[in-house]
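# Close look at the chain arrangement
Chain by chain, the residues:
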Amino acid sequence: MLTIFQIWILLNVSNYFVHCGFSPLRLPKKTSGPDSAAFDPKGGGPYACVGDGRVVKYEGPNVGFTEFATTSPNRTKIRCDGTNDPISQQICGRPLGLEFYTRTGDLYITDAFYGLLVVGQSGGLARPVVTSFEGKPFAFLNSLAIDQERRMIYFIDSGAVFRFRNRVTILRSTDATGRLFQYDIRRNQTTLLLSGLSGPAGIALSRDKSYLLVSELIPGRIRRFWLTGPKTNTSDVFAKVDGNPDNIKRTVSGDFWVAVVKLNILPPFISRGQRLDQLGQVIETRDFTAQYRLSPAGISEVQEYKGKLYVGSLDQNFVGVYNV
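In this text, all values refer to a predicted model and were calculated from it rather than measured experimentally.

### Comments concerning the pairing of strand 15 (residues 178–184)
Judged by how many residues are buried, strand 15 sits mostly within the fold: six of seven residues are covered. The pairing of strand 14 (residues 152–157) with strand 15 spans six bridges and is classified as antiparallel. Each residue of the ladder has a partner; that of Tyr-154, found in strand 15, is Gln-182. Sheet topology places strand 15 next to strand 16 (residues 189–197); six bridges connect them, and they run antiparallel. When the sheet's bridge partners are listed, Phe-181 is paired in strand 16 with Leu-192. Hairpin geometry of strand 15 and strand 16 is characterised by an intervening segment of four residues between the two adjacent antiparallel strands and by a positive phi of about 55° at Asn-188.

### Notes on the packing of aromatic side chains
All chains considered together, the criterion is met by 19 aromatic pairs. Taking the centre distance of 5.1 Å and the plane angle of 80° together, the rings of Tyr-47 and Phe-68 count as edge-to-face. Separated by 21 residues along the polypeptide, Tyr-47 in strand 3 (residues 47–49) and Phe-68 in strand 5 (residues 65–70) bring together distant segments of the chain. Each member of the pair, Tyr-47 as well as Phe-68, carries the same accessibility label: buried. Taken together, the ring pairs connect Phe-22, Phe-288, Tyr-292, Phe-318 and Tyr-322 into an aromatic cluster.

### A look at the sheet that holds strand 19 (residues 221–226)
Strands sit in the order 17-18-19-20 across an open sheet of four strands; the sheet is antiparallel. Here the strands that pair on one side only, and so sit at the sheet edges, are strand 17 (200–205) and strand 20 (235–240). Across the sheet, the axes of successive neighbouring strands diverge by a mean angle of 25°, strand direction being ignored. As paired strands, strand 19 and strand 20 are joined by five bridges and run antiparallel to one another. Pairing of Arg-224 across the sheet is with Asp-236, part of strand 20.

### What about the sheet that holds strand 14?
Pairing is antiparallel in the open sheet, where four strands are placed in the order 13-14-15-16. The open sheet terminates on both sides in strands that have one partner only, identified here as strand 13 (141–147) and strand 16. Taken pair by pair, the neighbouring strands of this sheet meet at an average axis angle of 20°, ignoring direction.

### Focus: the state of the cysteines
In the structure shown here, the tally under the stated rule is one disulfide. Cys-80 shares a disulfide with Cys-92; S-S distance 2.0 Å. Around the S-S axis, the bridge from Cys-80 to Cys-92 shows a dihedral of about -85° and counts as left-handed. Of this pair, Cys-80 sits in helix 2 (residues 77–80) while Cys-92 sits in helix 3 (residues 86–92), and the two are twelve residues apart along the sequence.

### Digging into the nonpolar core
By size, the foremost hydrophobic cluster in this structure holds 24 residues, and its most contacted members are Val-55, Phe-68, Leu-98, Leu-107, Ile-109 and Val-119. Elements that contribute at least two residues to this core include exactly strand 3, strand 5, strand 6 (95–101), strand 7 (106–111), strand 8 (115–119) and helix 4 (167–172). It is strand 6 that contributes the most residues to this core, three residues altogether. Filtering out sequence-adjacent residues up to four positions away, Leu-98 remains in contact with Ser-36, Ala-37, Ala-38, Tyr-47, Ala-48, Cys-49, Val-55, Leu-107, Tyr-108, Ile-109, Leu-144 and Lys-249. Core analysis: the second largest hydrophobic core is formed by 16 residues, Tyr-101, Val-130, Ile-146 and Phe-181 among them.

### Details of the layout of surface pockets
Here the largest pocket defines a volume of roughly 810 Å³. Residue lining of the largest pocket: 29 residues in total, with Glu-99, Gln-148, Lys-249, Arg-250 and Gln-303 positioned closest to the centre. If you list the elements that add at least two residues to the lining of the largest pocket, you get strand 2 (37–38), strand 6, strand 13, strand 17, strand 21 (244–250) and strand 25 (299–305). Take the lining of the largest pocket: its biggest share by element is four residues, from strand 13. Tallied by class, the residues present in the lining of the largest pocket amount to 15 nonpolar, five polar and nine charged.

What counts and how
Residues numbered from 1 in each chain as written. Predicted model: local features only at pLDDT ≥ 70, side-chain atom pairs only at ≥ 80, totals over all residues. Heavy atoms only, no water. Buried < 20%, exposed > 50% of the residue type's maximum accessible area, 1.4 Å probe, protein only. Helix = DSSP H or I, 4+ residues; strand = E, 2+ residues; numbered from the N terminus. Pairing = 2+ DSSP bridges. Phe/Tyr/Trp six-rings, centres within 6.5 Å; stacked < 30°, edge-to-face > 60°. Axes fitted to C-alpha atoms, helices over the stretch in contact; angles between N-to-C directions. Disulfide = S-S within 2.5 Å. Core = buried A, V, L, I, M, F, W, Y, C linked by side-chain atoms within 4.5 Å. Contact = heavy atoms within 4.5 Å. 1 Å grid on protein atoms, 1.4 Å probe; cavity = no way out; pocket = protein on both sides within 12 Å on 5 of 7 lines; lining within 4 Å. Points joined across faces, edges and corners; volume = space filled by probe spheres on them. Nonpolar A, V, L, I, M, F, W, Y, C, P; charged D, E, K, R; others polar.

Written out as structure tokens, the structure reads:
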């Protein structure tokens, strides 16, 4: 019969083997909150959106991250660099979603307070593309996904409850004001696709471009919105999640990595990456709790790129990198 001490050793050794491939890419001093990441068409990056209103680019181990873009015209380095709080972010900006448009090399950004923006290959201050719908400003833009062939950008407005930036407050609410939008790059036209979403946080386009997946943080589920076929413009539940799903990222094989957090009675959050197949079944789970034990909000994204998993968070000072 195992003693408590022996059980403790086994649990900690197993955690070590799960996480032994971890290496952090440190952000600039006093910078935190790399919610999501992207890689440019040439494989450069990762680019990460951080809490003080900047998008930073990783330039290799000798240089680290450097400033690439900003989203707010009101931002100053003295006022904003190193901040990561909701009040500052209304002035400094808070980019949350990133994806490159491969036709031009431009980077599209969703900012919680400044809408959908775009910046060229040289970086700098991003230009607003869409900041409102039917005359009303967006409440809190979050993630985006681009259909490169159809030249469409899909993005979500999470709802005003997200302005609190507190997971516990969000999860305990019953908010259902989230919305899914489509932006047509060629026609410069925005269309509302779906409303009544409960805490939408992440979005991904299927490999065959027939549907979108949208995570709903509050009820713990992933909704599917059909873009083509007999169910076009309707939605259904793609998967139920044991926890609360945040960002979703599709892999090259067509599966999806979902960042999932789960409330504990005592801190920390349980932080896991779950890989779902195209039927919504969990086919792999990675536990990141040990590396994000000091994170009040847990992880926000798991993205697979060239044999590595890049893990984001709302409050840590690094992008986590793991071996696939």
